[in-house]
Amino acid sequence: MIISALLAACLLLRSLASAQTPAQLNGTYTLPEVVGYDGWYNNPSHPDWGGADMQLSRRVAPVYADGTYQPWTEGRPNPHLVANMTMIGPKGLKSYRARTALLTFFGQQVVEEVLDAQRAGCPPEYFNIPIPKGDLRFDPNNEGGKELPFLRSRYDKSTGQSPNNPRQQLNEITPYLDGGLFYGVTKAWADALRSFTNGTLACADAACKFPAKNTIGLPMANPPPPADHVLKDATRFYKLGNPRGNENPMLLAMGVIWFRNHNYHAQRLVEDFVAAGAHWNDEIIFNRARQWNIAEHQQIVLNVWLPSFLGRNISEYSGYSPSIFPGITHAFQTSAMRFGHTMIPPIAYRAKGVSPSPPGEITESSWKCDFRPLKKSTNNVFSAIRTCQSYWNSPDIISEHGVDVVDEILLGLSKQVTEREDNIVTEDLRGFVFGSLDFSRRDLMAINIQRGRDHGVPDYNTVREAYGLPRRQRFSEINDLYGVEGNITNAIDQLTNLYANAPNPNATSYGYAMDNIDLWPAGLLETTEVGPGELFTAIISDQYQRIRDSDRFWFENWRQNKLFTEDEYNTLKNVTFRTIMVRNMKADWFRPYMLQEDVFRWNTTSDDPYGNCTTVYETYNDAQLTDAIEPCSAMETFDYFDGSAGPFIGTIIALGLYLVLNVALLVVAVKYHQHQSVKAHSSGQQKYNEGRDVWINAGVFSHGDNPLIAEAFDTNNKHSVVVAPLREKKQLRVFDALSGSVDRTIDLTGIQQVIIRLCPSQDRPGLICVRFPHRYDLVLEFSSPVQEFLAPLEAYLHSVGVDMSREVMGSQRILAEVITEEHRKEIVEAFFRELFQDTLTTEGEKKKKSKGLFRRTSKSKQKKEVLETELTRQEFADAMGMKYSSLFVEQVFHLVDKDQSGSISFKEFLQFVALFTTGSFDSKMELMFSIYDLNGDGELSQDEFVKMLKIMAEEAGENVGVDSLETSIASMIADAGLSHKAALTLEDFKILFGKYGEELDSAAVQVHGKTARKSIGTVNHTTGGPNKLAPPAAAALAPDTASQFRQRLATGLRADKSRSSAAQEAAKAYASRADEDFTSSIHIEPLPVEEEIGEEISSKNTRSLLYVQRAWENYRLQIFWFALYLFVTACIFAERAYYYSVEREHAGLRRIAGYGVTVTRGAASAMMFTYSSLLVTMSRNTITRLRETILNRVIPFDAAHVAHKAFAMTALFFTVIHIVGHCINFYHVSTQTANDLTCLFREYYHLSNELPKFDFWMFNTLTGVTGFVLTLVVITIYVFALPFARRYLFNTFWATHHLYIVLYGLLILHGSGRLVQPPIFQWYFIGPVALFAADKLISINRKKSKIVVYKAEKLPSGVTHLQFKKPTNFDYMSGQWCRIACLALNSEEYHPFTLTSAPHEVTLDLYIRAVGPWTQNIRQVYDPENAKNKDQMTGAVTFPKL
């Protein structure tokens, strides 16, 4: 209140300061207070009263079905039926009071000066009107199911939330007669209309007959003209203050005449100022001319037009009242102000120009008033303007008929008697008013009824009561002419039937129907000969009186607002619309006497004393109109998806083809890489020169002087090889023909027969499969006759005592039955799984087994295959995690292989394990003694003891000196009292280890499973962090079994520190290969060999359960954190999905796209989180530091690389959901109207004549373009990140993976488009990217140095051991990482590994397991057997530098 009072005081002082007559004061003109554009501060006490875009007012409480916002339809009939039954009748009935068409169309511009509530709400709410089946206009094909589109009005979003706060619609302009029709309701709009020269409005032509065209793109209303059914450019329109001023030529003519009137006053004022010698400028002239224009309009509307329109005068002006609220009522907006619709004529006549008869000077008596014909017969061009065909074609009509058409229209309207004041509405409004592209024609009368329901307007009787009128008890009371005038009587009877019979379960009486009538049809039926009925008259009178009396700047309030002097006021009081027309009609032929004094009425006697004009309706009737004038074009529909189908399908196909192209490029590139050997072979033997130096001396199978080169098939590729026999070792060795590296060594020991599978000559004669017992097959294909290979092969096999048999079969069967390396590994894994599953079981498993939980399958194929499996020495060594050449492996293998067949059967191994785990102390001692007794003579010398311990220590990676071992062992033997013996017998051996007999002699030895492995420094992912040396392949499903087995063997070597520290260190070194941190107990329960062999293999479900249990034991931390990560991601997804399903339901997008939009928005947020979290897993330096903290105990930082892959796959999952969802969403969006899309996507603008098709949203918006490119980037990154690509095209994988920079840049831009919501990606991204950037800076600032590799070993299980000199001043801690690059591969490609050396050692050691392309290449580059730089004299090898 205080602020309002201060504002009022300021405005009063300002008014007093300008309370001067507009005269010259010392050469300076003082402009009175300038009237604002938006209505604010018109009322100083209530600054917002009368403001633009404020709520419509209510005289009575609204009626909504739910009391809040839902329209009331109960008991109310179909609006289209009501309009068709009560507002239909003949055309051409003359106005009772001879009102002219000029009055009717002037009324349209008056309404649009004070009211604009036509814009639909946002989001769009459809309240469609059902069309009865077979409707002649809207369903001529009798299809049924059609609806007339109806959009609910825009409303104040702070309302409509509860019955105490029902929905309130908005008036987008001011309710005052303040020139908004001419200048707009904002200063920006007004400035766009000005010329800024002499205070005038901009002109389109030199004569200034028309306003300037809308070349600057003002947001003028621009629906599609229904006569053409196409969208047209809004630049064709003339710039007016009224955005809808170009709707029809008659309304445009009104706007043009007021435009001319402003420029008339501007020119007059300039002349007056110049004559007076007063100072002036463009701004002063413009605002003063505006004040005059507004004042004249106010005078005409309230004092001239309104009395003619109502047929009665309103109360006299009694002065400005700040307590009166000017707001437009809903009753006025939805019904009363629409009374003029009944007087709209179907045509508008154009008066002819001057037609002197006889020729000569035209005089008032000689001028003939005439109209242009309805139709020109020569070229079928219509001269009269058909209302239904002129909608939104006004500029075209003016262009067609010339610049004087406005004068012709205004003059013609002043002579044309309008339609009768009754309930009949011309079909041009009742069924052919303009609509949208999808429904080009609409029923305006049905829309009027529906609009009242939309706004919650109460029933007819309630509104009457609100305006002080008595309620009607019966339908017949609506109009006194009921029963007298046939048309009125019939319409009321139809109204009665419609409302009395409307479906309504709550209706109990006729009276209920009477109290449920919509305001518009009932109010219209009150119409009398005078004009509007008593209710509409009361509503209209009340509205305009409040508009006038609440306007502080009303021209009749000149004494207070000081806008005019008394003389100017008196001049204004005499202004009529004829004054405006005479002043501004610019046709050369126009003369003032052509206009009657009252242009809103036509009286033949008084207005045409000379009889020069005839009333148009004397030649105007239904038949003539039907035959003569242009008919209304029929309603047309439109498919908004038309034009989008091609781009939509094409885009999806393009993305699919891009995916296929990437996969194809990957496959082609890999095949190209794999087929290098094939190309080399086809281009000549010289291609093999590089490898020839290695294998030519190995005595490969040849035909004459030409080595026999074949294509070898394995699981992953096909490459050129040669085969060489090693007679002294009874082996076959397969070399890579290009590089000379050893692909495979086949030990023939124990093999009795080899089977050769051949193809018939008509199939693939060069294809053979060599099948070795207990080994995987060797598949070769020769380009030369296969016999050239088989002959020397058979000779060699016979020479080593191996038979060879042949089988002939088709190539498809050969390849289908091949036992591959992977298949063999699976068999070996099953071998060990079954072996240790039945010998090492937990207490819980033992109990479950006793309860029958471990169900057995009878005659299982897998059981048979496992029981028949025999391990080769190489497979046994791999299972032990040791080298094939290891003396320890040789000893143990020899002991286990009881039948000396060269392989270990399931039974042999089971007996060995059972003996070792449950045997007595003596049996274990015998076993250990046999292992140490290298020469098998039954005695163990000190040299044998030292040699075996040394071998075991080296297998564990420990350097133990021979001297130290000899000293320690001598000390042990002396302490045992055996120093007098040169060699130890079995009994002596038992005495030596007697101290540990009690521990080893227990009935069931308790061993513990692992919780954490010691880092041996290998990596099982090329881009990840450090990982431990993985268990051998055979123990993959039971990861502790091999390490436990080694630990059992090492247990026999334990000794007391005080007696034999060196020996104990050697034993510990070997035992360290097993796990040392134990938490859970495993019970070793031996089964009799015969019983074990006889039992069936566990069922598949039981194995799965066991696998899950072991996975949990080994990876419970990783599982927990990843589960937590998935939970957080799911919560992020759910939050966004809920938000767009519930909290953003009012936004409307979900109603168009369905719940797909909730899924895509949830997936988008999940993507933001997952893609951002990837950066954390890439911050290697940070993870390295965190590994050294206590957090490493609860967070598995070592699994960062696994987390990277898991996060990436999670991101891919949500990306796919997002992409697929948007394909569906974009389809739905492409089927919507342009106006609806403008509402839903407010950040994206398009011209009103443009339909945003799919290609617009996809390729003309920032969000669409970045989304498309992002999809391509994601496809490229993920395709080339496949293991297949990393193995063979690592450099390509590395390059495409660096597209992550582009990925994150596009993600930022993608959200910045604000298509659906403000960007939120930065909140997920800022933390990880800051961490990643800091981590990268650390990496950049680190020093690099080249290092010579001293030693390289190819260890089992795919492990490569590298030893190199420690760089100068290189300090590190145990378990620290280092990042290395191989100069022979890529000097810029670094990978992290854990150093296994102690900080005090002078050399550094790395153990690298080959699991990826880079590590596999490392294994090949540093394979001593494949080394290229080898000294022929010393055999020393020079390896590539790191």
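Bear in mind that the values here come from a model prediction, so they are computed numbers and not experimental data. (Residues numbered from 1 in each chain as written. Predicted model: local features only at pLDDT ≥ 70, side-chain atom pairs only at ≥ 80, totals over all residues. Heavy atoms only, no water.)

## Quick notes on the overall build of the chain
Put simply, the test is: Working definition: helices are DSSP H or I runs of at least four residues, strands are E runs of at least two. Numbering for both runs from the N terminus. Remark: exposure states derive from per-residue accessible area (1.4 Å probe, protein chains only) relative to the maximum for the residue type, with buried under 20%, exposed over 50%, and partly exposed in between. What makes two residues a contact is simply this: any of their non-hydrogen atoms within 4.5 Å. Areas reported as accessible are Shrake-Rupley estimates using a 1.4 Å probe. Residue values count occlusion only from the protein chains shown.
From N to C terminus, the chain includes 55 helices and 32 strands. Across the 1442 residues in the chain, those meeting the buried criterion constitute 55%. For the chain, the share of sequence-separated contacts (at least 6 apart) that also reach a separation of at least 24 residues comes to 74%. Of the roughly 61,000 Å² of accessible surface on the chain, 55% is carried by carbon and sulfur atoms.

## Regarding the nonpolar core
Here is the rule we go by: Buried residues of nine kinds, namely Ala, Val, Leu, Ile, Met, Phe, Trp, Tyr and Cys, make up a nonpolar core once their side-chain atoms join them within 4.5 Å.
In this structure, Phe 106, Trp 305, Tyr 544, Phe 577 and Phe 600 are the most contacted members of the largest nonpolar core, which totals 145 residues. The dominant element in this core, judged by the number of residues it contributes, is helix H7 (residues 282-310), at twelve residues. Those residues in contact with Phe 600 that lie beyond four places of it in its chain are Ala 98, Arg 99, Thr 100, Leu 102, Leu 103, Phe 106, Ile 300, Val 304, Trp 305, Ser 308 and Phe 577. Among the nonpolar cores identified, the runner-up in size contains 31 residues, and Val 1274, Tyr 1278, Tyr 1304 and Leu 1307 belong to it.

## Side note on the side chain of Arg 167
Note on placement: Arg 167 falls in the loop between strand S5 (147-148) and strand S6 (170-171). For Arg 167, the residues in contact, after removing those within four places along its chain, are Arg 58, Tyr 64, Thr 68, Tyr 69, Glu 125, Arg 152, Tyr 155, Thr 159 and Gly 160.

## Concerning the confidence of the model for the chain
Detailed reading of the predicted coordinates is not advisable wherever pLDDT is low. Selection rule: The pLDDT score gives, residue by residue, the confidence of the prediction method on a 0 to 100 scale.
Residues of the chain with pLDDT of at least 70 account for 76%, and the chain-wide mean is 79. Contacts from residues 842-859, a stretch scored under 50 in pLDDT, to residues over four places away or in other chains number 38 contacts.

## Quick notes on the environment of Ala 1208
Within the fold, Ala 1208 resides in helix H47 (residues 1200-1230). Taking the C-alpha atoms as reference, Ala 1208 lies 9.1 Å from Ser 1173; in sequence the two are 35 residues apart.

## A few points about the packing of helix H32 (residues 873-880) against helix H33 (residues 887-896)
Let me state the cut-off plainly: Lines fitted to the C-alpha atoms define the axes, with helices restricted to the stretch that makes contact. Angles between their N-to-C directions range from 0 to 180 degrees. Each crossing is labelled by how the near helix is turned from the far one, with a counterclockwise turn of less than a right angle marking it left-handed and a clockwise turn marking it right-handed. Charged means Asp, Glu, Lys or Arg here, nonpolar means Ala, Val, Leu, Ile, Met, Phe, Trp, Tyr, Cys or Pro, and polar covers whatever is left, Gly included.
Contact geometry of H32 with H33 gives a least axis separation of 10 Å together with a crossing angle of 115°. Here H32 and H33 pass one another in a crossing that is right-handed. Contacts between H32 and H33 involve Arg 873, Phe 876, Ala 877 and Met 880 on the former and, on the latter, Phe 888, Val 889, Glu 890, Val 892 and Phe 893. Class assignment for the residues of the contact of H32 with H33 results in seven nonpolar, no polar and two charged.

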